[in-house]
There are 2 protein chains.
Amino acid sequence: MPRILRLAAAQMGPTQRAEPRDVTLARLIALLEQAASQGAQLVVFPELAFTTFFPRWLLSGEELESYYEASMPNPQVQELFDRARELGIGFYVGYAERTPEGLHYNSAITVGPDGSILGKYRKVHLPGSVEPREGARFQQLEKRYFEYGDTGFPAFRGAESWHRPIMGMLICNDRRWPEAWREYGLQDVELMVMGYNSAAYDPNGGTTENEEIRTFHSNIAVQANAYMNATWAVSVAKAGNEDGSGLIGSSVIVDPNGVIVGQAKTLEDEVVVADADLDAVRQGKDKMFNFAQHRRPEHYRRIVDQVGAQPPA
Amino acid sequence: MPRILRLAAAQMGPTQRAEPRDVTLARLIALLEQAASQGAQLVVFPELAFTTFFPRWLLSGEELESYYEASMPNPQVQELFDRARELGIGFYVGYAERTPEGLHYNSAITVGPDGSILGKYRKVHLPGSVEPREGARFQQLEKRYFEYGDTGFPAFRGAESWHRPIMGMLICNDRRWPEAWREYGLQDVELMVMGYNSAAYDPNGGTTENEEIRTFHSNIAVQANAYMNATWAVSVAKAGNEDGSGLIGSSVIVDPNGVIVGQAKTLEDEVVVADADLDAVRQGKDKMFNFAQHRRPEHYRRIVDQVGAQPPA
């Protein structure tokens, strides 16, 4: 019997800093309902989906704390969880996490159609800096606001009604790091889900990158890593102009050949739906990317023995 | 002063099994001269450039031995080396190597404009099988005819007149393995060179792959890995119909953004030239892919501790 899973990428348009939380939550629920009405079984929302992308601002005190979730779910997001369970639909969502110990992570969870949390992930590849860049209109302060994720890359099984796919989560910048994908590939992953907030310019300063090239980077990273790990992938943006700072769109659903089978066309709230034949991963996993037959880890030592680049003599 | 290096991808059309070696060598020299006449300083030839792609046949004895080079250079390829030195042009070329100890490798060298061998590499990711697949018209017997490469992924410095770029070599199937690229990325590579013979169908049997998807795979693997390691890349095909077995073309020169800046249009002998600004790698290496700042090797252990995929419980 074919293992078909109907996926939805629920791209969000911009969330301004002044937008009330309940307005944003209502947008998420509207996207969820739209996806459900199209028969989607699993909806992928962006990174930090409940708020604006706050690491672009130098913040402290009450406003900064207001962006974190002390538990998941919690009263201010409960309605999304309730509506999803009513509809029998699961979802991936990114959020800022504050632990009982007071640690902060850029996190994501995947929730099953029964409301149970199937997997949790904390972002490993934090971009940006701890200290603000002087003179920059917009910051990228993820290294200031979050600890490095401590979960590693834990694959998990999706729901029974989804045909129990082996799943993996990433968050934003992680998708550009082939090590992260390979960690999941080595767990036989069939479906990767991830959300992002990616600037439509060079967030580290510099003038050589624009929306077009940044969108291209986002697409080829997901396409090639999906292909090289023979997995489906859903990669979903928060897009558009947040308080003057542009974010790319191009949320995509990608098959195990690396081919885009669904893609957002706007920079607004938008649902893209595609059917994934989970067994389509077998062509790659059994042949070209049969890791047991073809990998040579004895030659990969630099990947773990070195952090930075070291030029030859 | 800008570090500009003029690169040539010297794609070859098919080399039939019956084609005499001197005819093939004359084609290589003609491509070299064509590249030199366009001002190219470094020409990249395909994998196993001096012969047909013989691993598609089950062979033994004299014919099989005739495909290997016992030294490099040697009398039957010397003319290419001589002509290149006369023209002051360097090249990458792939060949089948037989060592004095009788070991066989799928190898490549990069030769400087003065004729010196700057680097040597033996293919790590051998595709195919040791035993022939029964009933298959064409085999993929690289695991039968070659040992796994024992060189690792050694970066080296290009010639003075090329602005001494940090270079790395791959061969064919290697380009689909992000570990191989990352090994060079961790040596701060600026220019990757590689040749290939890639079937225009599924070489492991199966009917879901055709020339179009196989060409797409080849391109996105090179594009995304060039981007994720912030390096230039030249990836060159032996293309077309060899004795009834199709090979993809699409030789490409790719910039550190992953953008194709030169691409072959035919399945024949064809030269593609492009200028590489080697300092264009800095945007990626200093920011997004500043490995020292952003990599987290403590979470990459599966990459070296595991060979094959192991699904979660």
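Here the structure is a predicted model, which means the values were calculated and not measured.

All names here are of chain B. As judged from the 5 bridges shared by strand β5 (residues 104–111) and strand β6 (residues 117–122), these two strands associate in the antiparallel manner. Paired with S107 across the two strands is R122, which belongs to β6. Counted between consecutive antiparallel strands, the loop separating β5 from β6 contains 5 residues, among which G115 sits at a positive phi close to 85°.

Let's shift gears to the relation of the copies chain B and chain A. For the pair chain B and chain A, the superposition axis carries a translation of 0.0 Å, the fit reaches an RMSD of 0.0 Å, and the rotation angle comes to 180°. Classification of the inter-copy transformation places it as that of a two-fold axis. Comparing interface residues between copies, 100% of those in chain B also sit at the interface in chain A, which points to an isologous, same-surface contact.

With that out of the way, let us pick up the interface of chain B and chain A. Contacts between the two partners involve 70 residues from chain B and, on the opposite side, 70 residues from chain A. Linking chain B with chain A are 8 salt bridges, by the criterion used here. In this structure, the salt-bridge partner of D202 of chain A is K287 of chain B, at a minimum N-O distance of 2.9 Å. Along the contact surface separating chain B from chain A lie 43 residue pairs in polar contact (both at pLDDT 80 or more). Examining the composition of the side of chain B that touches chain A, we find that 10 residues originate from one element, helix α6 (residues 211–228) of chain B, more than from any other.

Below, the discussion takes up the environment of R157 of chain B. Assignment of secondary structure puts R157 of chain B in strand β7 (residues 156–157). Distance in space between the C-alpha atoms of R157 of chain B and G168 of chain B is 8.8 Å, their sequence separation being 11 residues. The residues touching R157 of chain B, leaving out its near neighbours within four places in the chain, are P311, P312 and A313 of chain A together with L118, R164, P165 and I166 of chain B. One polar contact links the side chain of R157 of chain B to the main-chain carbonyl oxygen of R164 of chain B, over a distance of 3.3 Å.

Reading the values: the criteria
Residues numbered from 1 in each chain as written. Chains lettered and ligands numbered in written order. Predicted model: local features only at pLDDT ≥ 70, side-chain atom pairs only at ≥ 80, totals over all residues. Heavy atoms only, no water. Pairing = 2+ DSSP bridges. Helix = DSSP H or I, 4+ residues; strand = E, 2+ residues; numbered from the N terminus. Least-squares fit on C-alpha atoms with pLDDT ≥ 70 in both. Contact = heavy atoms within 4.5 Å. Salt bridge = Lys/Arg side-chain N within 4 Å of Asp/Glu carboxyl O. Polar contact = N/O pair within 3.5 Å; in protein donor to acceptor, adjacent residues only side chain to side chain.

Nothing here speaks to function; it is all geometry.
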